[in-house]
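Remarks on the overall topology
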Amino acid sequence: MRKIFLAVAALFAAVSVFAVDGVSDLVKFVPQGTNVILYVNASRLMQTKLLDAMCRENVKLGNMVDGIRYHEERLDIKGQAIKNLLLCRDTSKATASFYLLNTIVPEDKFEDVFVADYAFFIESRKSSVEFGPRKREIPIFELVRKRTPEQKYGAVYIGNKMDDGNYVVAVVPRDYIIDTLEALQSPPVSGEVASVAGGSMNPGAIAWMVASLKNKGEAISTWDKILDGLVFAEVTFDLTGPDENIVIQARFYSDSTLGNGIRTASSAQRFIADLRREKNVWLDSIFDRSNEELRERVDKCIQIYPKDGNVILDVEIPAALYREICDISPHVVADLLGVVCEKFQLVEPEMLGAPESPQPQTASAVNSAELFD
């Protein structure tokens, strides 16, 4: 398995409109058609021991994070350059992903802060697009990746700064700038995942994901078969306490198309069996016979059970136990969260530098180092 923060690293690297304060405002601009969103509380993540450990393991990620911190210190805006991030995905379209960034960095400082010190986007050029019936000129930044210079992205500040100094910036494949601007017009288009995220997800958590697993029209499902029979998923990742205990909570909602509930119960029980099987495979990959006692303690930290016809996954790993696990498997949490990236298609072909494909690719399709080549 590849590291989860492939997606998070890509979000940091892809950084780059409407004023906001936190996730509730970012969610307002999730466009229609989005069926997976990943939110990262970047201000909190940047201050964690977990991210520091990941930066030590991945030099290029460390360089990017150092770049963020350098500019924050220079501008006296600690934790404010990247406050929150939202990755929006339409898994039925290979190039329909884009990012929303909450920052206090003004437009005239964008290139200074977000381009020069980053390996993902290495160039930027000021440009503009005509938008709306009056053909207004909307300023944008055209961004270029080192790995795939032919694939250009556009970053656009959507709207004016509010009194609190927050901006929202959208980063999207260049060819989708107009579509994105149309999707983000006021009043914003709301969808199912945005409604759930805006109403029930914890904005203080390190990261969370909401996914609608329903097929779109006659489209063939591209979801992993393990998700058959499920219609919705919510996953939250957090670090609690000064020692950073690991907490992962997931809720999976079953197909309830039959009024008698038989389909719901069957889907839930099958998925529970699949999850438990995958849990055991994961444990086997880490622990051998010399670590049976530690394996048993970790096993007890992962609870999978049915509730009201749905499936609950709760993972709570105390920091002390996590350190013991890291002695055997240093990337255990990154790998565990990487399953989320893989199963829910949170990394798309253009982020990986792979040829465009009608089948969205997953985090496991590329070595993590290649994201920064």
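Before any of the text, the structure's been laid out above.
Note that the structure is a prediction, hence the values are computed from the model and not measured. (Residues numbered from 1 in each chain as written. Predicted model: local features only at pLDDT ≥ 70, side-chain atom pairs only at ≥ 80, totals over all residues. Heavy atoms only, no water.)

Moving on, we come to the pattern of salt bridges. The final tally for this structure, using the stated rule, is 14 salt bridges. A salt bridge links Arg125 to Glu142, with the nearest nitrogen and oxygen atoms 2.5 Å apart. With a gap of 17 residues between them, Arg125 in strand E4 (residues 121-131) and Glu142 in strand E5 (residues 136-145) connect regions that are remote in the sequence. We note a salt bridge from Lys279 to Asp299, for which the minimum N-O separation is 2.7 Å. Taken as a pair, Lys279 in helix H9 (residues 262-286) and Asp299 in helix H10 (residues 292-300) lie far apart in primary sequence, 20 residues in all. The network of salt bridges with common partners includes Arg125, Glu142 and Arg174. (Salt bridge = Lys/Arg side-chain N within 4 Å of Asp/Glu carboxyl O. Helix = DSSP H or I, 4+ residues; strand = E, 2+ residues; numbered from the N terminus.)

Inspection of helix H11 (residues 319-328) places Ala319, Leu321, Tyr322, Ile325 and Cys326 among the buried residues, and these make up the whole buried set. Down the axis of H11, the buried set is contained in an arc of 150°. They therefore lie on one face. (Buried < 20%, exposed > 50% of the residue type's maximum accessible area, 1.4 Å probe, protein only. Arc of directions from axis to C-beta.)

The phi angle at Lys135 is positive, at roughly 55°, despite the residue not being glycine. Of note, Lys135 is situated in the loop between E4 and E5. Residue Lys135 is classed as exposed on the basis of its relative accessible area, which comes to 53%. Positive phi values are uncommon outside glycine, yet Asp308 reaches one of about 55°. Relative to the assigned elements, Asp308 resides in the loop between strand E11 (302-307) and strand E12 (310-317).

On to the nonpolar core. One finds Phe110, Leu143, Met209, Phe252, Val298, Phe344 and Leu346 to be the most contacted residues of the largest nonpolar core, which totals 80 residues. Residue contributions to this core peak at seven residues, all from H9. Setting aside anything within four residues of it in sequence, one finds Val298 in contact with Trp282, Leu283, Phe287, Leu321 and Ile325. Membership of the second largest hydrophobic core comes to 28 residues, among which are Phe29, Ile140, Leu181 and Trp208. (Core = buried A, V, L, I, M, F, W, Y, C linked by side-chain atoms within 4.5 Å. Contact = heavy atoms within 4.5 Å.)

Most of strand E1 (residues 36-40) is tucked away, with five of its five residues classed as buried. Both faces of E1 are covered, namely the face carrying Val36, Leu38 and Val40 and the face carrying Ile37 and Tyr39. Two strands pair when backbone bridges link them, and E1 and strand E2 (residues 84-89) are joined in this way by five bridges, in the antiparallel orientation. Its bridge partner being in E2, Leu38 is matched across the sheet by Leu87. Sheet topology note: the E1/strand E8 (residues 207-212) ladder contains five bridges and is antiparallel. Bridge pairing in E8 places Tyr39 opposite Trp208. (Pairing = 2+ DSSP bridges.)

As far as function goes, none of this settles anything; it's purely spatial.
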